[in-house]
Amino acid sequence: MSTPPLDIEGVRARLAGKQGPEYWQALEELSDSAEFQKLVHDEFPPLASEWPEGLDRRRFLKLMGASFALAGLTSACGTIKTPREQILPYVNEPENMVPGKALHFASAMPFQGYGRGVLVESHLGRPTKVEGNPGHPASLGATDIFMQASILSLYDPDRAQNALYRGEIGTWAEFSSRMSQQASTYAMSQGEGLRILTGAVTSPTLVAQLEALLQKFPKARWHQYEAVSRDNAWDGARLAFGREVETLYRFDKANVVLSLDSDFLYELPGSLRYSREFINRRRIDSDRLGEGTALMNRLYVVESGRSLAGGMADHRLALRAADVEAFARAVAQRLGIEAGGKALPEGVSAEWIEALVADLKANSGASVVVAGENQPPAVHVIAHLINSALGNTGQTVVYTDPVEAHPVNQAQALHELVDDMNAGRVKTLIILGGNPVYTAPADLPFLEAMKKVELRVHLSLFADETSEWCHWLIPAAHYLEAWGDVRAHDGTVSIVQPLIAPLYEGKTSHEILSILLGETGQTPYDLVRKYWQTKLARTDFDAFWRKSLHDGFMADTAFAPVTVAVSGTVPPPTERPAGEGLEIQFRCDPSLWDGEWANNGWLQELPKPFTKITWGNAALISPATAEGLGFGKASEWRESPLATLEYGGRSLTVPVWVLPGLADNSVLVHLGHGRPLGAWGSRERKEADAIGFNAYALRTAAAPAFGFGATLTKAAGTATLACTQLHHSFANRRGIIRSATLGEFLKEPDFVKHWQHHDDSYSLYPDYEYNGYAWGMAVDQQACIGCNACVIACQAENNIPVVGMDQVIRGREMHWMRIDTYYSGSPENPRAFNQPMLCQHCEKAPCEPVCPVGATVHSHEGLNEMVYNRCVGTRYCSNNCPWKVRRFNFYQYTDRTTESLKPMRNPNVTVRQRGVMEKCTYCVQRINLARIEAKKQGRRIRDGEVVTACQQACPTRAILFGDINDPDSAVRRQKAQPHNYAVLGELNTKPRTTYLARLTNPNPALAAFEPPYESEVQ
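Since the model is a prediction, treat every value here as computed from it, not as a measurement.

Novice: It is not clear to me how the overall build of the chain should be interpreted in this structure. Could you clarify?
Specialist: Scanning the chain from terminus to terminus reveals 28 helices and 40 strands. With 1018 residues in all, the chain has 63% of them scored as buried. The contacts of the chain with a sequence gap of at least 6 include a subset with a gap of at least 24, amounting to 76%. Carbon and sulfur atoms make up 51% of the accessible area of the chain, which amounts to about 36500 Å² in all.

Okay, structure coming up:
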């Protein structure tokens, strides 16, 4: 689907002449060309061919891999087995397993070494859905996209399924025997030549094993490396306090937050909790309006890219990553901290900083300064000093002992390992997880060094780039198949409890280390239980263990705060290279992280925040940079022009994407794409089949986050990117997003009524009285951070298929809900607005009367329902839907043949076939389950008893669902808020889904230095 020409000069001219508030989704839209109007009106554009040239079915299935689809009502696979050890459900255990009745088990998902509490739904021993554990301090009942998508990785048939020795199938017994012989050899040499490589580790049991191994083999070494490490945070703490400490934030106590290039709503180990606490301080309740502005916090964000935190900011500055340090030094100087550096970054006024500093001072002890993980140690030191000077330490900022065991500079640790391998000092290398051949810096020849090691072992979930060059590949057990333990960001210990026996005889790090320690008779369960039984020495340990398994975590194991004193000074300013050129930034991908999730089809097809790109990546630049480099105009912009990106003597051919709000003179690339081998577990896979480009090929050890000297020049040709930003676009923007400042809202709380120029007493549809339940939803746009957790949760819950890159390009993605992103203001630094969009479940639905076969009907409780076996695929309903939320199965997207995928599917959701329309159902299966329980007990369904999948996943509780006929229901109270409104409410269809307008809390002192907020108040 091609899109209209982009003319940045025309965009600026149109914005300069506009009157009143205006929201837009893409730069092409602002040009308002005839091509764009045609795109809006052609919901189903004509296609020259169903399949692009050169793409046959064999290649299409190869690209989709194991993650091609999810749908259907199927029976469990015959090989499904439960763990041998007793596992305890989160709720009361039934006497016998009841078919059709799901159980929930508490566990924890390790991510980047840290644990997040989960509750996993299981049907007849088959895990089918991951939810957050409401009692766990790191999740509070919420999930992110990775937790939701982890269920697909469990059943992925592309997982490593057999132990391999030099490419041939081996056995665990054979491996165990050979490693035991190696251990005997190393006992005589005290482990000289033995190296262990892991990522960040917080598992107490695994740390104990590693320490025991180093004690048994004193000359062995343990190295740690992850592509997205916390090196800068650890180094900053060492410089500030003389020791490593974990920094915890209390956003629920903060009136003012300053983010120094930190996406604290997404990238930190405690982001789920931080999101909840931060948004709780932004909620507006009409019953508390008399409390004034103290009930709503204020967020300042200084960032180089586009982040979730930046999208929620009241004030946002777009600076290059390297300029954030100068900004931080300027703030510190004005707070009386000797931080060095005098010059302000270009484009930053002294008055702007003065207003910020005054706000911080006025909220001493009730403010937070957060430094980004990508920022150098100096910025972290400055953040610690500012928090100390403001009296935030012990209030909104708390320090504890490190949760990550033995925190080291991982870049340095990897460098030392490579040096030792090159020097021949490494005889055996055991890699426990990770993929260092793919993620190692381009200037650090890890693979060439590793080839010199005599014995190479890789424990991995997939046969990836590292496995390809190892002698032994041992299939790793998924966290839902394995016993273990892990600490949360605050130190709380969680027991990783499996729900299913390993599908492919997967093993854990515990088992491999047990061989080296001569403890082959112990299972991971034995090791974990024995460790805690010895460490705690409780007389009631059995009861304590059962309670910990039931709850999902060990009570009272969080680390106590420690007292630290600033003992260091701020390092001198970083020297800039002469003729610095473009800045290049390397960031983890919002959907694939460091590439660990590249084989997950749900995440590949998930539209990334802001860009809405799926199935690939691009070099992101600002509109001004695009003009300066000659990319200001393109004949068909979504046929993105190709460019040569050069940095450090290396080059890549990349598609270029213009993203509003990025820092000028900077190019941002996301890691995790372009997997040339093993991303789908295929040794025959060609590099030409890789999706996206591999940004690791440019990343260096000296500048893993950002650096200077990059060039971006036009290359021949274009690339078609699968972007959904203009799919399902509305023709009329006014009234879709509604916003006001807090001050305006306090003066006129019902400002949204200015848009309601319609009389809802007139309608062509007959009225209907809903006497029983009347289901409805309220979405708080004040709380939606655009994290996409709801989108993946909906996909997992409702068996929504993946369609693939080509079909997304054609506008055929199947997500039942989407996060629409709108902008307001100039393209250089527009404000962003997130709007979850799903079926509105109109009481007077325009989709229903146009269906010739009665496939879309209305229930007596207000649900707009789909009868799949009636649908004949006319698509009239979709044409008549103003919100464009209905999806059509153009092909049989569902994979019905792959056996390992069948146990994954939700048995309570109907199979959809090719040629039928589908959409959001308000999770009617959950409504019916609650109805059955209520009927058995002779009562009505209680408020909060029905929780939709999107609502349950949301970390900020932006979504509320319930019975609007219940006067005490939370959703009814939400809909009674004065700033509640219906999108396109003027159509008088009476949507059951309504929205709370977005409110901002700008600093009045900055009114003269920033463009005015778009005012909805007339």
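Novice: Just to check I follow, could you spell out the sheet that holds strand S4 (residues 126-132) for this structure?
Specialist: Strands belonging to one sheet form pairs held by backbone hydrogen bonds; the direction of such a pair is parallel or antiparallel. As summarised here, the arrangement of the three strands in space is S2-S3-S4, forming an open sheet in which the pairing is antiparallel. What marks the edges here is a single partner per strand, and that holds for strand S2 (103-111) and S4. Taking the axes of each pair of neighbouring strands and ignoring which way they run, one obtains an average angle of 40° across the sheet. As paired strands, strand S3 (residues 114-123) and S4 are joined by six bridges and run antiparallel to one another. Residue pairing across strands places Leu-119 opposite Glu-131, the latter belonging to S4. Along the sheet face, helix H5 (residues 145-155) touches S2, S3 and S4 and points at about 165° away from the line of S4.

Novice: How do you make sense of the nonpolar core when you look at a structure like this?
Specialist: Side chains that are nonpolar tend, in soluble globular proteins, to be buried together. Core analysis: the biggest nonpolar cluster contains 186 residues, and Phe-264 and Phe-327 have the highest contact counts within it. For this core, the element with the highest residue contribution is H5, accounting for eight residues. Dropping the residues within four chain positions of it, Phe-264 is found in contact with Phe-251, Val-257, Ser-259, Ser-271, Tyr-274, Phe-278, Leu-299, Ala-309 and Val-370. One finds Val-418, Tyr-438, Cys-470 and Val-656 within the second-largest nonpolar core, a separate group that totals 42 residues.

Novice: Where do I start with the state of the cysteines in this structure?
Specialist: By definition, a disulfide is the covalent link that joins the sulfur atoms of two cysteine residues. Within this structure, the stated rule accounts for zero disulfides. In this structure Cys-787 is not part of a disulfide, and its nearest cysteine sulfur, from Cys-954, lies 6.1 Å away. Here Cys-881 is not disulfide-linked; the sulfur of Cys-847 is the nearest cysteine sulfur, at 6.6 Å. With a relative accessible area of 6%, Cys-881 lands in the buried category.

Novice: Is there a simple way to think about the sheet that holds strand S30 (residues 775-780) in this case?
Specialist: Here we have four strands laid out as an open sheet, ordered S37-S30-S39-S38, and mixed in their pairing. Here the strands that pair on one side only, and so sit at the sheet edges, are strand S37 (959-963) and strand S38 (980-981). Where S38 and strand S39 (residues 993-996) come together, two bridges link them in antiparallel fashion. Counterpart to Asn-980 in the pairing with S39 is Leu-996.

Novice: Even after reading the chapter, I still don't get the packing of helix H18 (residues 524-536) against helix H19 (residues 541-551), so can you show me in this structure?
Specialist: In a pair of packed helices, the angle between the axes and the distance between the axes together describe the arrangement. Contact pair H18 / H19: the axes reach a minimum separation of 11 Å and the direction vectors enclose 125°. Overall, the two elements H18 and H19 adopt an arrangement that is oblique. In this structure, H18 crosses over H19, and the sense of that crossing is right-handed. Contact with H18, carried on its side by Tyr-525, Val-528, Arg-529, Trp-532, Gln-533 and Leu-536, involves Phe-541, Asp-542, Phe-544 and Trp-545 of H19 and no other residues of that element. When the residues that make up the contact of H18 with H19 are grouped by side-chain class, the tally is seven nonpolar, one polar and two charged.

Novice: Explanation requested: the environment of Ile-284 in the structure shown.
Specialist: Relative to the elements of secondary structure, Ile-284 occurs in the loop between helix H9 (271-280) and strand S11 (298-303). For the pair Ile-284 and Gln-977, spaced 693 residues apart in sequence, the C-alpha separation works out to 9.0 Å.

Novice: Would you explain the packing of aromatic side chains in this entry?
Specialist: Under the criterion given, the structure shown has 32 aromatic pairs. Between Tyr-300 and Trp-352, the ring centres sit 6.0 Å apart and the planes meet at 80°, which makes this aromatic pair edge-to-face. Of this pair, Tyr-300 sits in strand S11 while Trp-352 sits in helix H12 (residues 350-362), and the two are 52 residues apart along the sequence. The two residues Tyr-300 and Trp-352 agree in class, both being buried. In textbook terms, an aromatic cluster arises when at least three aromatic residues are bridged by ring pairs, as seen for Phe-111, Phe-146, Tyr-266, Trp-593 and Trp-597. A cation over an aromatic ring shows up here: Arg-875 above the ring of Phe-888, its NZ or CZ 5.4 Å from the ring centre.

Novice: I keep staring at unusual backbone geometry and nothing clicks. Help me out?
Specialist: Negative phi is the rule for most residues except glycine; trans is the rule for most peptide bonds. Of note in the backbone geometry, Asn-799 takes a positive phi value of approximately 55° without being a glycine. Within the secondary structure, Asn-799 is located in the loop between helix H23 (789-797) and helix H24 (805-809). Among the residues examined, Asn-799 registers a relative accessible area of 0% and is labelled buried. Notably, Tyr-922 is not glycine yet its phi reads approximately 60°, a positive angle. The topology assignment puts Tyr-922 in the loop between strand S36 (917-918) and helix H26 (924-936). Take Tyr-922: its relative accessible area is 1%, and that puts it in the buried class.

Novice: Whenever I open this one, the pattern of salt bridges confuses me. Can you help?
Specialist: Taken as a whole and assessed by the stated rule, the structure comprises 41 salt bridges. With a shortest N-O distance of 2.4 Å, Asp-235 and Arg-238 are connected by a salt bridge. Of this pair, Asp-235 and Arg-238 both sit in helix H8 (residues 231-241), three residues apart, which is roughly one turn of the helix. Residue class for Asp-235 comes out buried when judged on its relative accessible area of 18%. Of the residues examined, Arg-238 reaches a relative accessible area of 24% and is grouped as partly exposed. Taken together, the salt bridges that share partners define one network made up of Lys-129, Glu-131, Glu-797 and Arg-926.

Novice: What's the story with helix H7 (residues 204-216) in this structure? I'm lost.
Specialist: Given 3.6 residues per helical turn, the α-helix brings residues three or four places apart onto the same face. Taking 1.5 Å as the rise per residue, H7 with 13 residues should run 18 Å; its terminal C-alpha atoms sit 18 Å apart, in good agreement. Listed as buried for H7 are Pro-204, Thr-205, Leu-206, Val-207, Gln-209, Leu-210 and Leu-213.

Novice: Whenever I open this one, the side chain of Arg-159 confuses me. Can you help?
Specialist: With respect to the helices, strands and loops of the structure, Arg-159 is situated in the loop between H5 and strand S5 (164-165). Overall, the relative accessible area of 3% leaves Arg-159 in the buried class. One polar contact links the side chain of Arg-159 to the main-chain carbonyl oxygen of Leu-154, over a distance of 2.8 Å. Ignoring anything within four residues of it in the chain, the contact list for Arg-159 reads Ser-153, Leu-154, Leu-461, Phe-462, Ala-476, Ala-477, His-478, Glu-481, Leu-503 and Tyr-504.

Novice: In this structure, what is going on with the confidence of the model for the chain? I would like to understand it.
Specialist: Segments scoring low in pLDDT should not have their predicted coordinates read at a detailed level. Of the residues in the chain, 85% reach a pLDDT of 70 or more, and the chain-wide mean stands at 86. Here residues 57-78 scores under 50 on pLDDT; set against residues more than four positions off or in separate chains, the count is 75 contacts.

Rules behind the numbers
- Residues numbered from 1 in each chain as written.
- Predicted model: local features only at pLDDT ≥ 70, side-chain atom pairs only at ≥ 80, totals over all residues.
- Heavy atoms only, no water.
- Helix = DSSP H or I, 4+ residues; strand = E, 2+ residues; numbered from the N terminus.
- Buried < 20%, exposed > 50% of the residue type's maximum accessible area, 1.4 Å probe, protein only.
- Contact = heavy atoms within 4.5 Å.
- Areas by Shrake-Rupley, 256 points an atom, 1.4 Å probe, with all protein chains shown as cover.
- Pairing = 2+ DSSP bridges.
- Axes fitted to C-alpha atoms, helices over the stretch in contact; angles between N-to-C directions.
- Core = buried A, V, L, I, M, F, W, Y, C linked by side-chain atoms within 4.5 Å.
- Disulfide = S-S within 2.5 Å.
- Parallel < 35°, antiparallel > 145°, perpendicular 65-115°, else oblique.
- Left-handed = near helix turned anticlockwise from the far one by under 90°.
- Nonpolar A, V, L, I, M, F, W, Y, C, P; charged D, E, K, R; others polar.
- Phe/Tyr/Trp six-rings, centres within 6.5 Å; stacked < 30°, edge-to-face > 60°.
- Lys NZ or Arg CZ within 6 Å of the ring centre and 35° of its normal.
- Salt bridge = Lys/Arg side-chain N within 4 Å of Asp/Glu carboxyl O.
- Expected span 1.5 Å × (residues − 1).
- Polar contact = N/O pair within 3.5 Å; in protein donor to acceptor, adjacent residues only side chain to side chain.
- pLDDT = per-residue confidence, 0-100.

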